[in-house]
Every structure is written in C-alpha cells, then in structure tokens.
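# Analysis of the macromolecular model
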Amino acid sequence: QGAENRAKGAKAKFPGFDLYCGLEGGLLEDSASKLQCFAWMIVVEGGSGTKVGAARTSTFELPNQVAELVRSGLELGKADDAVFGRQNSGRRGGTVGQLTFGVVNRTEYYRHAMIMALIPFINPELY
C-alpha cells in the first residue's frame, strides 16, 4: 500500500509525466517467527491512465539481533546501525548491502523488481 500511495502521490503532485514510481520496504514474520525483509515497487501510468505495474524484490531473513530491535520498535536502519556499529546504514547500501558485504547494494536489490513492475508498460498489447 505504501509504494502505491507514494506513486499516486507523485502523480498528483507532479502532473505531466508518463510514469510514476513508488517504493516501499516491508517486513513479514514467517511461520518460523523469523522476520523476512523485502520491498515493493509500484509503477502507475501518468495522465488519465489507470494501468499499474507491481513487483516485489527477493526476500531475505533478518539476523536475530536486528529482528529483535525492529520488534522492539526501532526502525530497520537504526537497528542495522546498532548491530553493525555504523551510522546511516540506510543510506549506505541498506541492510542487504551490509549482509552481503556489498555484493548486492540497495540500488541493485531494487533494480530487478522495478524492471518487473515496468512489464505492463513495456508490453502494452498484453496488459
């Protein structure tokens, strides 16, 4: 819902573009009570169009120490800072960057999902 709200908010605030994008990170507790991390990408059509494309990133499990801090109410970036001894983790590759030692940074993590969200616009005859 957050990613869609961001895309639609951008469309309302900045009319005149062909497409509007929204991104929103998410956490989900799985059946084993582990916190899984992912993000949604939403693309909405500009003008009077109503087409929407949506895709989700791959999912990964948060380390227990980070998950405990998040469950206690700390924002994910601040939990990362506390566990990994960094500052502004969210602006420096994100959780995925920290956990993969930079092999996958936040931008790369979002990139494939954003391309997938564009599929209905790349193939308009099919959607």
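One can find the structure itself at the top, above this paragraph.
Figured I'd write up the structure that's included with this text.

## Structural notes on the nonpolar core
Within the largest apolar cluster, 21 residues are counted, with the highest numbers of intra-cluster contacts made by Met41, Phe60, Leu62, Val66, Val70, Leu76 and Tyr109. With six residues, strand S2 (residues 35–45) is the single largest residue contributor to this core. If sequence neighbours within four positions are ignored, valine 66 has contacts with Leu76, Ala79, Asp80, Val83 and Phe84. Membership of the second largest hydrophobic core comes to five residues, among which are Ala3, Ala7, Ile42 and Val44.

## Regarding the environment of arginine 56
With respect to the helices, strands and loops of the structure, arginine 56 is situated in strand S3 (residues 52–56). Its relative accessible area of 36% is what places arginine 56 among the partly exposed residues. Spatially, the C-alpha atoms of arginine 56 and tyrosine 110 are 8.5 Å apart, while their sequence positions differ by 54 residues. Of the polar contacts made by the side chain of arginine 56, one reaches the side chain of threonine 59; its length is 2.8 Å.

## Comments concerning the state of the cysteines
A full pass over the atoms with the stated rule returns zero disulfides. We note that cysteine 21 lacks a disulfide partner, and the nearest cysteine sulfur, in cysteine 37, lies 20 Å from it. According to the relative accessible area criterion, cysteine 21 is partly exposed, its value standing at 40%. Among the residues examined, cysteine 37 registers a relative accessible area of 7% and is labelled buried.

## Describing the packing of aromatic side chains
Across all of its chains, the model carries three aromatic pairs by this definition. On the basis of an interplanar angle of 70° and a centroid distance of 5.7 Å, the ring pair of phenylalanine 60 and tyrosine 109 is categorised as edge-to-face. Taken as a pair, phenylalanine 60 in strand S4 (residues 60–61) and tyrosine 109 in helix H5 (residues 106–117) lie far apart in primary sequence, 49 residues in all. Per residue, the accessibility class of phenylalanine 60 equals that of tyrosine 109, and both read buried. Aromatic side chains tyrosine 109 and tyrosine 110 sit 5.9 Å apart centroid to centroid with 35° between the ring planes, which places their arrangement in the tilted category. A relative accessible area of 10% places tyrosine 109 in the buried class. Ring-pair connections join several aromatic residues into one group, and the members of that group are Phe60, Tyr109 and Tyr110.

What counts, and where the lines are drawn
Residues numbered from 1 in each chain as written. Predicted model: local features only at pLDDT ≥ 70, side-chain atom pairs only at ≥ 80, totals over all residues. Heavy atoms only, no water. Core = buried A, V, L, I, M, F, W, Y, C linked by side-chain atoms within 4.5 Å. Buried < 20%, exposed > 50% of the residue type's maximum accessible area, 1.4 Å probe, protein only. Helix = DSSP H or I, 4+ residues; strand = E, 2+ residues; numbered from the N terminus. Contact = heavy atoms within 4.5 Å. Polar contact = N/O pair within 3.5 Å; in protein donor to acceptor, adjacent residues only side chain to side chain. Disulfide = S-S within 2.5 Å. Phe/Tyr/Trp six-rings, centres within 6.5 Å; stacked < 30°, edge-to-face > 60°.

Bear in mind that shape data such as this cannot, by itself, settle questions of function.
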